[in-house]
Amino acid sequence: MDKTVGVLGGGQLGRMLAEAANLLEIKVIFLESGNLSPAKQVSNQYDHIDGSFKDPEAVKSLAAKSDVVTIEIEHVNTDILEEISKTGTDVQPHWRTIRTIQDKYAQKELLQNHGVATAQSLPLATASVQDLEKASAALGLPLMLKSRKEAYDGRGNFPVKTKDDFKAALDALGSNKEVYAEKWANFRIELAVMVVKTKDQVLSFPTVETIHENSICKLTYTPARGVSKTIDKQAQDLAKKAVACFEGKGVFGVEMFLLEDDTLLINEIAPRPHNSGHYTIEACPVSQYEAHLRAILDLPLLAKDLELREPAIMLNILGGDSEDSHKNFARQALKQRRTKVHLYGKGKARKGRKMGHITVTAPTMSEAEEIIQPMIDYVDKDKP
Ligand code: ATP
Ligand code: MG
Ligand code: MG
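Source: prediction; values computed, not measured. (Residues numbered from 1 in each chain as written. Chains lettered and ligands numbered in written order. Predicted model: local features only at pLDDT ≥ 70, side-chain atom pairs only at ≥ 80, totals over all residues. Heavy atoms only, no water.)

(A) A look at helix α4 (residues 78-86). Within α4 the residues assigned to the buried category are Thr 78, Ile 80, Leu 81, Glu 82 and Ile 84. In this structure, the buried residues of α4 make contact with β1 (4-8), α3 (56-64), β4 (68-71), β5 (90-91) and α5 (95-102). Backbone nitrogen of Asp 79 and a side-chain oxygen of the N-cap are separated by 3.0 Å at the start of α4; the cap is Asn 77. Following α4 by one or two positions, Gly 88 has its phi on the positive side, about 105°. (Buried < 20%, exposed > 50% of the residue type's maximum accessible area, 1.4 Å probe, protein only. Helix = DSSP H or I, 4+ residues; strand = E, 2+ residues; numbered from the N terminus. Contact = heavy atoms within 4.5 Å. Polar contact = N/O pair within 3.5 Å; in protein donor to acceptor, adjacent residues only side chain to side chain.)

(B) View of the side chain of Thr 89. When you line up the elements, Thr 89 lands in the loop between α4 and β5. By relative accessible area, Thr 89 is classed as buried at 15%. With residues near it in sequence (within four places) discarded, Thr 89 still touches Ala 63, Val 69 and Ile 84.

(C) View of the coordination of the magnesium ion (ligand 2). For the magnesium ion (ligand 2), every protein donor is listed as Glu 268 (OE) and Glu 268 (OE), and the spread of their distances is 2.2 to 2.4 Å. The metal-metal distance between the magnesium ion (ligand 2) and the magnesium ion (ligand 3) is 3.7 Å, with Glu 268 coordinating both. Checked against the element boundaries, Glu 268 lands in strand β14 (residues 264-270). (Donors = N, O, S within 2.8 Å, 3.2 Å for Na, K, Ca; no water.)

(D) Highlighting unusual backbone geometry. Residue Leu 141 is joined to Pro 142 through a cis peptide bond whose omega torsion reads -5°. Positionally, Pro 142 belongs in the loop between α7 (129-139) and β7 (143-147). In this structure, the amide linkage connecting Thr 222 to the following residue, Pro 223, adopts the cis form with an omega of 0°. Checked against the element boundaries, Pro 223 lands in the loop between β12 (216-222) and α9 (229-244). Phi at Asn 214 takes a positive value of approximately 50°, unusual for a residue other than glycine. Among the secondary structure elements, Asn 214 is positioned in the loop between β11 (202-213) and β12. We classify Asn 214 as exposed; its relative accessible area is 71%. Positioned with a positive phi, Asp 262 is a non-glycine residue whose angle comes to about 70°. Structurally, Asp 262 is set in the loop between β13 (250-259) and β14.

(E) Representation of the environment of Met 365 in the model. With respect to the helices, strands and loops of the structure, Met 365 is situated in helix α13 (residues 365-380). Here the alpha-carbon distance between Met 365 and Val 68, two residues 297 residues apart in the chain, equals 39 Å. Contact partners of Met 365, with chain neighbours within four places excluded, come to Tyr 221, Thr 222, Pro 223, Arg 225, Pro 311, Ala 312 and Ile 313.

(F) Examining the sheet that holds β11 more closely. Taking strand neighbours across the sheet as the criterion, the 8 strands line up as β14-β13-β10-β11-β12-β15-β17-β16 in an open arrangement whose pairing is antiparallel. Of all the strands in the sheet, the pair left with one neighbour each is β14 and β16 (339-343). Neighbour to neighbour, the strand axes of the sheet diverge by 25° on average, direction disregarded. (Pairing = 2+ DSSP bridges. Axes fitted to C-alpha atoms, helices over the stretch in contact; angles between N-to-C directions.)

(G) Here's a closer look at the site of ligand 1. Around ligand 1, the structure places 19 residues, and the nearest of them are Lys 146, Asp 153, Gly 154, Glu 190 and Glu 255. Lys 104 is positioned with one of its side-chain polar atoms (N or O) 2.8 Å from an oxygen atom of ligand 1. Within the backbone of Gly 154, a nitrogen or oxygen atom sits 2.7 Å from an oxygen atom of ligand 1. Among the secondary structure elements, those contributing two or more residues to the shell around ligand 1 are β7, β9 (179-183), β10 (187-197), β13 and β14. (Near = heavy atom within 4 Å.)

Dropping the structure here:
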């Protein structure tokens, strides 16, 4: 607990990490531009670094002040992480893990090589109609065209339904970008599992059902509804097997598709705390944020710490049409019982941006569903 943790990035995941660290008097410093990022607002330290998490000099300054360096975003410069770890900084998870995972195709290739089932994927030699033709001949249509790097919240995905979409898809993702094609997954539902890799164990939180709208996570339900105990366990086992393929310690978010025939496929892995694990703050003895700190600092962590206390539903608060839409939502949510409101301190809302979330926990899932329904209706009221 006496070590200083340096974090690349300082958004909402960093903010919730700092909140967990504060309870244990673990010093966390952030590398992020400005002094008022969501994470820095809740962490009063003199030695935060003002800069870009892609800037080598800034990363070196962070490393010089930290015992362990970690990330809250995977789109970082891994050359510099490699360099600082070779000169003695403890980087968690391992820089090679971050490098592989930040390229969504390389990530899938590694998993396939370890016998972990993922959606079938083919890299395009060039981002051209001709190469997309070839991929669609192999994978069939529809398919999902994806950017290999810098993707989040569905930016970097383009559903290709017919050949007429080829050009639009390539234009949308940028013709000079590296892209790959993924076989369309006709999933029944999407699942996610937060996995914790410690120095000698791979543990998992419960299986979560995730609901995405326009490729952005909207809701999570824990335990996953309509999923048998067997599948719930299979999902946790698959997630643990996937994370065990990667070096280093920390929390990983594993997103999965459950197909109509109950086959589970990995969609993607995040090497850090994840949106689908926010519910753990209220619903589990140890949250994903605290679990990440315990893992990277070699503090005790038991499987029992990750069990669900009571059913939980999380609803993301996305920016709406007005700059204070998230505050209006929060005012409504405060009227609800058993509802925890989290706002991230991002200032004015931008449409579609993650501004906060709410978590409802209750003794039964149906009670939690009943409580949260008015808030789902509230966010759906402006839907076209
Ligand atoms: P995140 O914010 O989770 O990092 P991302 O931008 O990396 O998102 P993906 O996780 O690849 O995007 O995809 C976002 C969503 O798009 C998925 O959760 C799923 O709903 C849908 N999707 C992605 N790949 C496929 C696929 N192969 N077939 C069908 N739907 C898909
Ligand atoms: Mg992603
Ligand atoms: Mg995703």
